[in-house]
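Understanding the architecture of this molecule
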Amino acid sequence: MKNLTSIQSSTSRPARLAALKQSFQEWSSAPDALTRLTRRLSTTLCLETQLGMIAEEAVDIIPFDAMNYRNRIARQDFVFSKGVGGPHRCEYRLSLEGNYYGTLSFHRRQRFSEEEMTGFEMLISALICPLRNACRFIAIEQAALTDSLTGIGNKRAMDEALQRAGALAERHGAPWSLILCDLDYFKRINDTYGHIVGDHILTRTAEQIDRSLRTSDSVYRFGGEEFAVLLPHTSSGDAKDVADRIRLAIEGLRVDADESLVSVSASCGVATYLPGEDVDHWLARADEALYRAKDHGRNCTRVFATIN
Ligand SMILES: Nc1nc2c(ncn2[C@@H]2O[C@H](COP(=O)(O)OP(=O)(O)OP(=O)(O)O)[C@@H](O)[C@H]2O)c(=O)[nH]1
């Protein structure tokens, strides 16, 4: 309200304006290393870019052979390396308000002096807040793309991955296949054993699918009991083999519930990307193949190309 009154009264504040003008002149004249670093860091939320900036500014003041940073953010390891290290090392565990934001180390053939280490600490004090924000940004972005129950990618992550896959398939002409995998009669499992058992089966299913894949493949939960698997450089014949492997892995699951062991089966639909195709059409073809698998009695795989 104080500000609003000032705006309404429209009273000019020459002394404050003059002070602003002077501080702007100082701000825009050639800044010292710390001010320059602080300014540069404030322009980005990209952790990699920020680490590149501190490496550039630091090496100008304190020569070093390598800088390494490592952290675990949202269940993923983040590693940044610049240069090749020497035997002497200065290592800093970065933390702010009791939270850990990774470990930063500098390496060199010669020992670092006390003054040089103090210099690193000064530069790190400019880095820590922007770096905390960048780490949080990664965690938030990751959470927006992760299914909270199973920890695998969610529908949004799948949509983004499909768009990327379509673009890559167009550019390189390599085959990309999509498997849609849907648990059979899952409603019965929920109705008989309850949602907690149902949730546990979904989590174990995601693990089983993930274990059945190569590291270049990716899995998403895009609906209640629906999973999607994206396979780069994979023909429809090979994708069918993968789908059958996934089905067998899911069939082998046993979950304890009310003194009985619950098992579940899955149906799969496969479609391989066609050049020039819209990704929605690709997804619709995989869905059509899945529908055929359900229609055929479930616990089987159908490939779109084999449908008459
Ligand atoms: N436990 C649990 N159940 C879910 C979740 N999301 C969806 N479901 C349940 O999944 C069931 C899906 O049922 P339907 O779509 O009828 O399919 P279905 O019973 O598997 O039958 P078919 O797919 O035709 O073999 C519904 O009972 C949903 O409530 C979830 O996050 N946890």
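As the structure is a computational prediction, the values presented were derived from the model and not from experiment. (Residues numbered from 1 in each chain as written. Predicted model: local features only at pLDDT ≥ 70, side-chain atom pairs only at ≥ 80, totals over all residues. Heavy atoms only, no water.)

1. Points about the pattern of salt bridges
When their charged atoms lie close together, side chains carrying opposite charge are able to pair. By the definition in use, this model includes 20 salt bridges. For Glu-91, the salt bridge is made with Arg-89, and the minimal N-O distance between the two is 3.2 Å. Under the relative-accessibility criterion, Glu-91 is labelled partly exposed at 37%. Residue Arg-89 is classed as exposed on the basis of its relative accessible area of 54%. Notably, a salt bridge pairs Arg-108 with Glu-116, separated by 2.8 Å at the nearest N-O pair. Residue class for Arg-108 comes out buried when judged on its relative accessible area of 7%. Among the ionic contacts, a cluster of salt bridges with common partners joins Arg-36, Arg-40, Glu-56 and Glu-57. (Salt bridge = Lys/Arg side-chain N within 4 Å of Asp/Glu carboxyl O. Buried < 20%, exposed > 50% of the residue type's maximum accessible area, 1.4 Å probe, protein only.)

2. Focus: the packing of aromatic side chains
Enumeration according to the criterion identifies seven aromatic pairs in this entry. Relative to Phe-120, the ring of Tyr-92 has its centre 6.4 Å away and its plane inclined at 65°; by these criteria the two rings are edge-to-face. A residue pair is termed long-range when its members are at least 10 positions apart, and Tyr-92 in strand E3 (residues 88-96) and Phe-120 in helix H5 (residues 114-144) qualify at 28 residues. Accessibility classification places Tyr-92 together with Phe-120 in one group, the buried group. (Phe/Tyr/Trp six-rings, centres within 6.5 Å; stacked < 30°, edge-to-face > 60°. Helix = DSSP H or I, 4+ residues; strand = E, 2+ residues; numbered from the N terminus.)

3. A closer look at the sheet that holds strand E6 (residues 218-221)
Pairing is mixed across the open sheet formed by five strands, whose spatial order is E6-E7-E5-E10-E11. Two strands close off the open sheet at either side, each with one partner strand: E6 and strand E11 (301-303). Pairwise comparison of adjacent strand axes, ignoring direction, gives a mean angle of 20° for this sheet. Note: E6 against strand E7 (residues 226-232), four bridges, orientation antiparallel. Directly across from Ser-218, in E7, lies its bridge partner Leu-230. (Pairing = 2+ DSSP bridges. Axes fitted to C-alpha atoms, helices over the stretch in contact; angles between N-to-C directions.)

4. Section: the site of the ligand
Near the ligand there are 16 residues, and of these Phe-186, Asn-190, Asp-199, Arg-221 and Arg-298 occur at the shortest range. For the ligand, a nitrogen atom lies 3.3 Å from a polar atom in the backbone of His-195. Between an oxygen atom of the ligand and a side-chain N or O atom of Arg-221, the distance comes to 2.7 Å. Contact with the protein chains removes 66% of the 670 Å² of surface that the ligand exposes when unbound. Listed by contribution, the elements that provide at least two residues to the shell around the ligand are strand E5 (176-183), helix H7 (186-193) and helix H8 (195-211). Per-element accounting of the shell around the ligand gives the leading share, four residues, to H8. Here the residues of the shell around the ligand sort into four nonpolar, four polar and eight charged. (Near = heavy atom within 4 Å. Polar contact = N/O pair within 3.5 Å; in protein donor to acceptor, adjacent residues only side chain to side chain. Areas by Shrake-Rupley, 256 points an atom, 1.4 Å probe, with all protein chains shown as cover. Nonpolar A, V, L, I, M, F, W, Y, C, P; charged D, E, K, R; others polar.)

5. Regarding the sheet that holds E3
A sheet is described by the order of its strands in space; here four strands give the open sequence E2-E1-E4-E3, paired in antiparallel fashion. Of all strands in the sheet, those bounded by a partner on one side alone are strand E2 (76-83) and E3. Here the average twist between neighbouring strands, direction ignored, is 15°. With five bridges connecting them, strand E1 (residues 66-73) and strand E4 (residues 99-108) associate as antiparallel partners. By the bridge assignment, Tyr-69 is partnered in E4 with Leu-104. Against the sheet, helix H4 (residues 47-61) contacts E1, E2 and E4, and its axis sits at roughly 25° relative to E2. Of the strands in this sheet, E1, E2, E3 and E4 touch H5, which is tilted by about 50° from E3. (Contact = heavy atoms within 4.5 Å.)

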